[in-house]
Amino acid sequence: MKKLVVFTGAGVSAESGIATFRASDGLWENHRIEDVASPEGWAKDPSLVLDFYNMRRAQARKAMPNLAHETICELEQWFDVVVVTQNIDNLHERAGSRRIIHLHGSIFHARGTGKNEELVELHSEDIQIGDLASDGSQLRPHIVWFGESVPMMDFAIEEVLSADALLVVGTSLQVYPAASLLTYLPSGKPIFLVDPSPSIPSVGKNLEVIRTKAVEGLPLVKDMLLRHFNITTS
Ligand code: APR
């Protein structure tokens, strides 16, 4: 089977009702991104940060995977698929995708603020001030904030280095190191990009841009991939 890495951003979940980040003047659900998604924001007002992510978690729990998430899962019938997502929701998991790397963490996990990096799975519970990890430190969302390292990046790079094609869906490619993933695709391998207002990456590689929303574009790109690799489906 050919190996396909699917790199997703907020746009893939937009039609499930989860707001993208850069849609309205750098505000994210009415907050400055720095206030809610940085170590400085956390140091200044941890309650605000916890409330913010508690709301995001409640919103993500109510959202349903859309046809784009489902089509990405369906691609596993013909490709060895690895999803690398910048999203903190679990809609790829709920659509059935089996191999998923969360580059920027997961809203459904918490971890301590001490040295212990053990993850705590969150089901219906929120995180409140006073909720502690096993080492006694305050729990925080398991999210990569601006200025923090991206521990899953090396794993994602490994996957792209051995991919036969890269499918990029719904990301403004503004945030690094995540956006640099495209540069690791071996030369000559195709990149397909689905986004209604795409930021065109300057990759000197075969780039096919599908200028549509994810739900409309994924079935199209599925057919393009099958044609590209001469795969027949029946
Ligand atoms: N279908 C596909 N793409 C869409 C849709 C849609 N229905 N609606 C919007 N988009 C596109 C936008 O055109 C834009 O290119 O999705 C992209 C969303 O960009 P951002 O909001 O910047 O989200 P993303 O690229 O995922 O952000 C990266 O930034 O704030 C941090 O850590 C956070 O993971 C996040 C990272």
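What you see is a predicted model; the values in this text were computed from it and never measured.

Reading the values: rules and limits
- Residues numbered from 1 in each chain as written.
- Predicted model: local features only at pLDDT ≥ 70, side-chain atom pairs only at ≥ 80, totals over all residues.
- Heavy atoms only, no water.
- Helix = DSSP H or I, 4+ residues; strand = E, 2+ residues; numbered from the N terminus.
- Buried < 20%, exposed > 50% of the residue type's maximum accessible area, 1.4 Å probe, protein only.
- Polar contact = N/O pair within 3.5 Å; in protein donor to acceptor, adjacent residues only side chain to side chain.
- Contact = heavy atoms within 4.5 Å.
- Salt bridge = Lys/Arg side-chain N within 4 Å of Asp/Glu carboxyl O.
- Near = heavy atom within 4 Å.
- Areas by Shrake-Rupley, 256 points an atom, 1.4 Å probe, with all protein chains shown as cover.
- Nonpolar A, V, L, I, M, F, W, Y, C, P; charged D, E, K, R; others polar.
- Domains from an automatic or database assignment.
- Pairing = 2+ DSSP bridges.
- Axes fitted to C-alpha atoms, helices over the stretch in contact; angles between N-to-C directions.
- Phe/Tyr/Trp six-rings, centres within 6.5 Å; stacked < 30°, edge-to-face > 60°.
- Lys NZ or Arg CZ within 6 Å of the ring centre and 35° of its normal.
- Buried area = accessible area lost by both parts, 1.4 Å probe.

Chemist: Provide a residue-level description of the side chain of Thr-171, including the pertinent values.
Modeler: Position of Thr-171 relative to the elements: it lies in the loop between β9 (165-169) and β10 (191-194). With relative accessibility at 6%, the residue Thr-171 sits in the buried group. Of note is the side chain of Thr-171, whose polar atom sits 3.0 Å from the side chain of Gln-86. Contacts of Thr-171, omitting those with residues within four sequence positions, involve Phe-7, Gly-9, Gln-86 and Asp-195.

Chemist: Could you give an account of the pattern of salt bridges, naming the residues involved and the relevant values?
Modeler: Between side chains of opposite charge, a pair can form as their charged atoms come close. Counted by the stated rule, this structure contains 10 salt bridges. In this structure, the salt-bridge partner of Glu-34 is Arg-32, at a minimum N-O distance of 3.3 Å. Exposure remark for Glu-34: the relative accessible area of 44% places this residue in the partly exposed category. For Glu-159, the salt bridge goes to Arg-99, with nearest N and O atoms at 3.7 Å. Here Glu-159, found in helix α7 (residues 153-161), pairs with Arg-99, found in the loop between α6 (91-95) and β5 (100-102); they are 60 residues apart in sequence, far enough to count as distant. The class of Arg-99 is partly exposed, set by a relative accessible area of 36%.

Chemist: Tell me about the site of the ligand, residues and numbers included.
Modeler: The immediate surroundings of the ligand are formed by 20 residues, with Phe-21, Arg-22, Thr-171, Ser-172 and Asp-195 found nearest. Measuring from an oxygen atom of the ligand, one finds a backbone N or O atom of Ala-10 at 2.8 Å. The contact in question runs from an oxygen atom of the ligand to an N or O atom on the backbone of Gly-170, over 3.3 Å. Burial of the ligand by the protein amounts to 90% of the accessible area it has alone, namely 740 Å². Tallied by class, residues from the shell around the ligand come to 7 nonpolar, 9 polar and 4 charged. There are two domains that each give the shell around the ligand at least three residues, and those are domain 1 (1-18 + 65-104 + 150-234) and domain 2 (20-62 + 106-143).

Chemist: Break down the sheet that holds strand β11 (residues 207-210) for me, with residues and values.
Modeler: Taken in spatial order, the 6 strands line up as β5-β4-β1-β9-β10-β11 in an open sheet, and their pairing is parallel. Only two strands of the sheet have a single neighbouring strand rather than two, namely β5 and β11. Here the average twist between neighbouring strands, direction ignored, is 15 degrees. One ladder, built from 4 bridges, connects β9 with β10; its direction is parallel. For Leu-166, the partnering residue across the bridge sits in β10 and is Ile-191. Contacts from helix α8 (residues 214-228) reach β1 (2-8), β4 (79-85), β9, β10 and β11, with the element oriented near 165 degrees to β10.

Chemist: Residues and numbers for the packing of aromatic side chains, please.
Modeler: Taken as a whole and assessed by the stated rule, the structure comprises 4 aromatic pairs. Ring centres 5.8 Å apart and planes at 40 degrees place the aromatic pair Trp-42 and Trp-145 in the tilted group. Linking Trp-42 in helix α3 (residues 39-44) with Trp-145 in the loop between β8 (139-143) and α7, this pair joins segments that are 103 residues apart in sequence. Take Trp-42 and Trp-145: they sit in the same class, and that class is buried. For the pair Phe-52 and Tyr-53, a centre-to-centre distance of 5.2 Å together with 90 degrees between the ring planes defines the contact as edge-to-face. Here Phe-52 falls in the buried class, since its relative accessible area comes to 1%. Following the ring pairs from residue to residue traces out a cluster consisting of Trp-42, Phe-52, Tyr-53 and Trp-145. Its guanidinium or amino end placed over the ring of Phe-52, Arg-56 lies 4.7 Å from that ring's centre, counting from NZ or CZ. It is Arg-140 that lies over the ring of Trp-145; its NZ or CZ is 3.9 Å from the centre.

Chemist: Mind laying out the environment of Thr-233, listing which residues take part and the relevant values?
Modeler: Within the fold, Thr-233 resides in the segment after α8. Separated by 10 residues in the primary sequence, Thr-233 and Asp-223 have C-alpha atoms spaced 9.9 Å apart. Discounting chain neighbours no more than four positions away, the residues touching Thr-233 are Trp-78 and Leu-226.

Chemist: Would you mind going over the domain arrangement of the chain in detail, with residue names and values included?
Modeler: As far as domains go, the chain holds domain 1 (1-18 + 65-104 + 150-234) and domain 2 (20-62 + 106-143). One C-alpha centre belongs to domain 1, the other to domain 2; they are set 26 Å apart. For the pair domain 1 and domain 2, the two sides together bury roughly 990 Å², of which 64% comes from carbon and sulfur. Of all residues in domain 1, the largest losses of buried area upon contact with domain 2 belong to Ala-10, Ile-18 and Ile-88, amounting jointly to 46% of the total for that side. The tally of links between domain 1 and domain 2 comes to 0 salt bridges. Seen at the junction of domain 1 and domain 2, the total is 2 residue pairs in polar contact (both at pLDDT 80 or more). A breakdown of the residues in the side of domain 1 that touches domain 2 according to their chemical character gives 5 nonpolar, 6 polar and 2 charged.

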